[in-house]
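# Per-entry structural report
Residue-level listing of the chains:
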Amino acid sequence: MKIITREEILRTNIGKSLINFFETIADLSVFSIRFFKEAFLPPYELGEVRKHMVELGVKTFPIVSVAGFIIGLVLAMQSQPVLLRFGAESFLPSMVALSVVRELGPVLTALLFAGRVSSGIGAELGSMRVTEQIDAMEVSAINPYKYLVVTRIIACTLIMPILTMYVNFLAIMGSYLAVMLSMNMNFELYINSVVNSLQFSDLFPGVAKTLIFGFIVGAVGSFKGFYAENGTVGVGRASTSAVVLSSLLILLVDTVLVKVTVLLWK
Amino acid sequence: MVEVVKLNKSFGDLSVLEDISLKIEEGENVVVFGRSGSGKSVLLKCIVRLLKPDSGEVFIDGKKVTNMKLKDLNELRKQIGFLFQGAALYDSMTVRENLEFPLIRNFNFTESERETKVKGVLEKVSLEGAIDKMPAELSGGMKKRIGLARTIITEPKLILYDEPTTGLDPITSKEISELIIELQKDLKVTSIVVTHDLICAKIIADRAIVLKDAKVMYEGRMDEIIKMEDEFLKDFFTV
Ligand SMILES: Nc1ncnc2c1ncn2[C@@H]1O[C@H](COP(=O)(O)OP(=O)(O)OP(=O)(O)O)[C@@H](O)[C@H]1O
Ligand SMILES: [Mg+2]
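Keep in mind that what you see is a predicted model, and the values were worked out from it rather than measured. (Residues numbered from 1 in each chain as written. Chains lettered and ligands numbered in written order. Predicted model: local features only at pLDDT ≥ 70, side-chain atom pairs only at ≥ 80, totals over all residues. Heavy atoms only, no water.)

## Brief notes about the site of ligand 1
Residues and elements named next belong to chain B. Around ligand 1 there are 14 residues in total, and Ser36, Gly37, Lys40, Ser41 and Gln85 lie nearest to it. In this structure, an oxygen atom belonging to ligand 1 sits 2.8 Å away from a side-chain N or O atom of Lys40. Coverage of ligand 1 by the protein chains reaches 62% of its 630 Å² of free accessible surface. For the shell around ligand 1, the elements supplying multiple residues, two or more each, are strand 2 (14-24) and helix 1 (40-47). Element by element, the count of residues in the shell around ligand 1 is highest for helix 1, at three residues. Per-class residue counts for the shell around ligand 1 are four nonpolar, seven polar and three charged. (Near = heavy atom within 4 Å. Polar contact = N/O pair within 3.5 Å; in protein donor to acceptor, adjacent residues only side chain to side chain. Areas by Shrake-Rupley, 256 points an atom, 1.4 Å probe, with all protein chains shown as cover. Helix = DSSP H or I, 4+ residues; strand = E, 2+ residues; numbered from the N terminus. Nonpolar A, V, L, I, M, F, W, Y, C, P; charged D, E, K, R; others polar.)

Structure follows, in structure tokens:
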């Protein structure tokens, strides 16, 4: 039997990409820890944070609106015949509400947010890096990490829960459209069964984890942009790799968090 | 004012600066020549610690920049102006916001004081009309001049110019050179100017330094350098 040595594994392509991945994660962690060191010291740049929040909100509003409504609609359309088969049609509102609030709403919003926002931040900071604007801040004794990165991470973190609650709401409305078209159930009854099925332990973890997703999107986008190299090519690369990495991290972290919440709220 | 001692800098295998030593006195204008890629911009960036030298020391005002604490470095940087080769204007801000940016963050001026300063520097670079424009709406030469305005608005004691007149027409170029002289005379500014522009250099230089093959090839008075019997220098200075 041939024993594969560690060196041989490291030389393969998969080995190399794995090492690259973990190096990136290590650098990203260092980059993110710096956030906690700098965010709580003045100047706070609240104006910048607010500006970014408005920008992010406006930028993602259309896509999450459409996606939220449709995911609710489709989920109800898909589930209705299945539930009918088991004679459990009246559970439809609760089922949709629970799936959306616990999992689909937060993750869908986070992935859309990652696609739209972390690429934007990556490109924006990347082009500031390669045109020496970040260096220009540094020589004028202005801390570019604080002014550019901290403000964006805070804005992303704060706006995610808001977007998610909005998406949850729209998905439940979308689902009502399907219910109205196929079942004989009025709005009041629908809303009642949605509200009755939702508990604090469904709502809270779902919304709270989006704070973490928002942080990931802001941090990864900023990280990729802040260290962009090689001119305009590097800017493009920063922007796409930010989307890939932040989406991946959102899914990984979500898996862990789901396990944790299930353990906490049995 | 500025002293560089045995500075070395390389990128990977490429050695860009080798054993560079310079001394620049207070109030002096020194011009740095060298072919494209000879490390002029890298030298300026090493002086303000935007790039970390591999070895060697930089002193500004007698203080060792190379291993200074970030807080002290920032205090020092408030007294230093740096004009980037590509102007490096903040492209999400208007010209006015670009100029006010260092003023708001590092100094305590009132709004009307800032307004006066902004108008003042714009007049110096003859671009009063551009005050509410975005950088994307400016021509290359206009960007350069706004970059210059942003560099001098904080009234630094030391200014590093990376090709201040490149891409400007001869008339504007001459005006900018005269502005640099004026700053030296009126505000006792010390300047290091990287340039390829002979006319500009003749106007401003007290002393010139020529970089070649990662080393200081020649250092001396401008009028002497032009008359040197050296192949490279002759090629360099005869148009
Ligand atoms: N960040 C960097 N990474 C790798 N190499 C670099 C970097 N910055 C500069 N170099 C290399 O260092 C050398 C000197 O560059 P520098 O920008 O100082 O040239 P320069 O003298 O300013 O030229 P020019 O007159 O064209 O502006 C070049 O060969 C360049 O390729
Ligand atoms: Mg250069």
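## Things to note about the coordination of the magnesium ion (ligand 2)
The protein atoms that coordinate the magnesium ion (ligand 2) are B:Ser41 (OG) and B:Gln85 (OE1), at distances of 1.9 to 2.2 Å. A residue pair is termed long-range when its members are at least 10 positions apart, and B:Ser41 in helix 1 and B:Gln85 in the loop between strand 6 (80-83) and helix 3 (95-106) qualify at 44 residues. (Donors = N, O, S within 2.8 Å, 3.2 Å for Na, K, Ca; no water.)

## Some thoughts on unusual backbone geometry
The step from A:Pro42 to A:Pro43 runs through a cis peptide bond, and the omega angle for that step is 0°. Mapping A:Pro43 onto the fold places it in the loop between helix 2 (13-38) and helix 3 (46-85). For A:Glu45, which is not a glycine, the phi torsion comes out positive at approximately 55°. Looking at where A:Glu45 falls in the secondary structure, it is placed in the loop between helix 2 and helix 3. Unusually for a residue other than glycine, B:Asp19 sits at a positive phi of about 50°. With respect to the element layout, B:Asp19 can be found in strand 2.

## Overview of the layout of surface pockets
In this model, the largest pocket occupies a volume close to 560 Å³. Considering the residues around the largest pocket, the lining is formed by 17 residues, among which A:Pro42, A:Pro43, A:Ala141, A:Asn143 and B:Asn74 are closest to the centre. Every element with two or more residues in the lining of the largest pocket is listed here: helix 6 (144-182) of chain A together with helix 2 (70-77) and helix 3 of chain B. Take the lining of the largest pocket: its biggest share by element is four residues, from helix 2 of chain B. A per-class count over the lining of the largest pocket returns seven nonpolar, three polar and seven charged. (1 Å grid on protein atoms, 1.4 Å probe; cavity = no way out; pocket = protein on both sides within 12 Å on 5 of 7 lines; lining within 4 Å. Points joined across faces, edges and corners; volume = space filled by probe spheres on them.)

## As for the pattern of salt bridges
Residue and element names in this part refer to chain B. According to the stated counting rule, one finds 22 salt bridges over all chains in the structure shown. Salt-bridge contacts for Glu75 lead to Lys78; the nearest nitrogen and oxygen are separated by 3.1 Å. Looking at Glu75, the relative accessible area reads 46%, which means it is partly exposed. Here the salt bridges do not stand alone but share partners, grouping Arg96, Glu115, Lys119 and Asp132 into one network. (Salt bridge = Lys/Arg side-chain N within 4 Å of Asp/Glu carboxyl O. Buried < 20%, exposed > 50% of the residue type's maximum accessible area, 1.4 Å probe, protein only.)

## Quick look at the pairing of strand 2 of chain B
Residues and elements named next belong to chain B. With seven bridges joining them, strand 1 (residues 2-11) and strand 2 adopt antiparallel strand pairing. Across the sheet, Val2 pairs through a bridge with Ile24, a residue of strand 2. Counting the residues that bridge the hairpin from strand 1 to strand 2 gives two residues, and of these Gly12 lies at a positive phi of roughly 60°. (Pairing = 2+ DSSP bridges.)

## A few points about helix 2 of chain B
Because each turn of an α-helix spans 3.6 residues, side chains separated by three or four positions end up pointing in the same direction. Looking at helix 2 of chain B, one finds that the buried residues are B:Leu73, B:Asn74, B:Leu76 and B:Arg77. What you see down the axis of helix 2 of chain B is that its buried residues fit within an arc of 160°, all on one side. Buried residues along helix 2 of chain B sit against helix 5 (133-139) of chain A together with strand 4 (55-60), strand 5 (63-64) and strand 6 of chain B. (Arc of directions from axis to C-beta. Contact = heavy atoms within 4.5 Å.)

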